[in-house]
Amino acid sequence: EYQKLVACGELVDREFILVSLTESLEWAIEGVERGGSLNDWDFVFVIEFPSVEISRFLQGKVKNQVLYKCMIEPCVGPSLDFVDADTVKARLNIEKCLAFIKAHV
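To keep things clear, this report deals only with the structure shown in the data block. (Residues numbered from 1 in each chain as written. Predicted model: local features only at pLDDT ≥ 70, side-chain atom pairs only at ≥ 80, totals over all residues. Heavy atoms only, no water.)

A closer look at the pattern of salt bridges
Note the cut-off: By definition, a salt bridge exists where a carboxyl oxygen of Asp or Glu is found within 4 Å of a side-chain nitrogen of Lys or Arg. Secondary structure elements follow DSSP: runs of H or I of four or more residues count as helices, runs of E of two or more count as strands, with numbering from the N terminus. Only protein chains enter the accessibility calculation, which uses a 1.4 Å probe. A residue is then buried if its area is under 20% of the maximum for its type, exposed if over 50%, and partly exposed in between.
The tally for this structure, following the rule as stated, stands at three salt bridges. The salt bridge partner of Lys102 is Glu10, with a shortest N-O separation of 2.6 Å. Here Lys102 is found in helix H5 (residues 85-104), whereas its partner Glu10 is found in the loop between helix H1 (2-7) and helix H2 (16-33), with 92 residues between them in sequence. Assessed through its relative accessible area of 45%, Glu10 is described here as partly exposed.

And the structure:
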């Protein structure tokens, strides 16, 4: 289902959010193979976006980089001069939750 979200533009292929959601599925597979239910939600937040990278982006050191344009700018907006790292992390987590919900409904 995550690939459907990529295909329709909801998620960016190779973006951190997609990687962490895909990893949560891989970690949950073992339980499913033993007859359990899919509990990938339990693993969704095991991997967090690295704070060091968020800080670098917010300090403007790499604003021209593709990674910034794809991952951070959509969260903070191109016109905002300053947004703290906690706000960016919260927005990324919200996007991750929305993608999870869309893929599981």
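A look at the nonpolar core
The tendency in soluble globular proteins is for nonpolar side chains to be buried side by side. Formally: In this description, a nonpolar core means a group of buried Ala, Val, Leu, Ile, Met, Phe, Trp, Tyr and Cys residues linked to one another through side-chain atoms lying within 4.5 Å. By definition in these notes, contact holds between two residues if any of their heavy atoms fall within 4.5 Å.
Core analysis: the largest hydrophobic core is formed by 15 residues, its most contacted members being Tyr2, Leu5, Leu11 and Leu21. Elements with a minimum of two residues in this core: H1, H2 and H5. Among the elements that make up this core, the one with the highest residue count is H5 (five residues). When neighbours within four sequence positions are excluded, Leu21 is seen to be in contact with Tyr2, Leu11, Val44, Lys96, Ala99 and Phe100.

Comments concerning the environment of Ser20
For clarity, the cut-off: Distance and chemistry together define a polar contact, namely a pair of N or O atoms within 3.5 Å, with one atom able to donate a hydrogen and the other to accept it when in protein, and with adjacent residues in sequence counting only for side-chain atoms on both sides.
With respect to the element layout, Ser20 can be found in helix H2. A C-alpha to C-alpha distance of 6.0 Å links Ser20 and Ile47, two positions 27 residues apart in sequence. Discounting residues that sit within four places of it in the chain, Ser20 has contacts with Val44, Ile47 and Lys96. There is a polar contact of 3.0 Å between the side chain of Ser20 and the backbone oxygen of Ile17.

With respect to the packing of aromatic side chains
To describe a pair of aromatic rings, you give the distance between the ring centres and the angle between the ring planes. Threshold: Pairing of aromatic side chains here covers Phe, Tyr and the six-membered ring of Trp, requires ring centres within 6.5 Å, and sorts the geometry by plane angle: under 30 degrees stacked, over 60 edge-to-face, intermediate tilted.
Across all of its chains, the model carries three aromatic pairs by this definition. Among the aromatic side chains, those forming a connected cluster through ring pairs are Trp41, Phe45 and Phe100.

Observations regarding the packing of H2 against H5
Test applied: Axis definition: a line fitted to C-alpha atoms, limited for helices to the stretch in contact. Angles are taken between N-to-C directions and run from 0 to 180 degrees. We call two directions roughly parallel when the angle between them is under 35 degrees, roughly antiparallel when it is over 145, roughly perpendicular when it lies between 65 and 115, and oblique otherwise. Take the far helix as your reference; a near helix turned counterclockwise from it by less than a right angle gives a left-handed crossing, and one turned clockwise gives a right-handed crossing. Gly is placed with the polar residues, together with every amino acid not listed as nonpolar (Ala, Val, Leu, Ile, Met, Phe, Trp, Tyr, Cys and Pro) or charged (Asp, Glu, Lys and Arg).
Relative orientation of the contacting elements H2 and H5 amounts to 50°, with a least axis distance of 10 Å. With respect to H5, the axis of H2 lies oblique. H2 and H5 meet at a crossing whose hand is right-handed. Side by side, H2 and H5 meet where Phe16, Ile17, Ser20 and Leu21 of the first sit next to Leu92, Glu95, Lys96, Ala99 and Phe100 of the second. The residue makeup of the contact of H2 with H5, split by class, is six nonpolar, one polar and two charged.

What to know about a nonpolar patch on the surface
Basically, it comes down to this: Patches draw on residues past 30% relative accessible area with no salt bridge. Two like charges within 9 Å are joined, as are two nonpolar side chains (Val, Leu, Ile, Met, Phe, Trp, Tyr) within 5 Å. Per-residue accessibility takes into account occlusion by the displayed protein chains alone, with areas from the Shrake-Rupley method and a 1.4 Å probe.
Taken together, the side chains of Ile94, Leu98, Ile101 and Val105 present a nonpolar region at the surface, about 430 Å² in accessible area. Among the secondary structure elements, Val105 is positioned in the segment after H5. Accessibility expressed as a relative area gives 85% for Val105, which makes it exposed.

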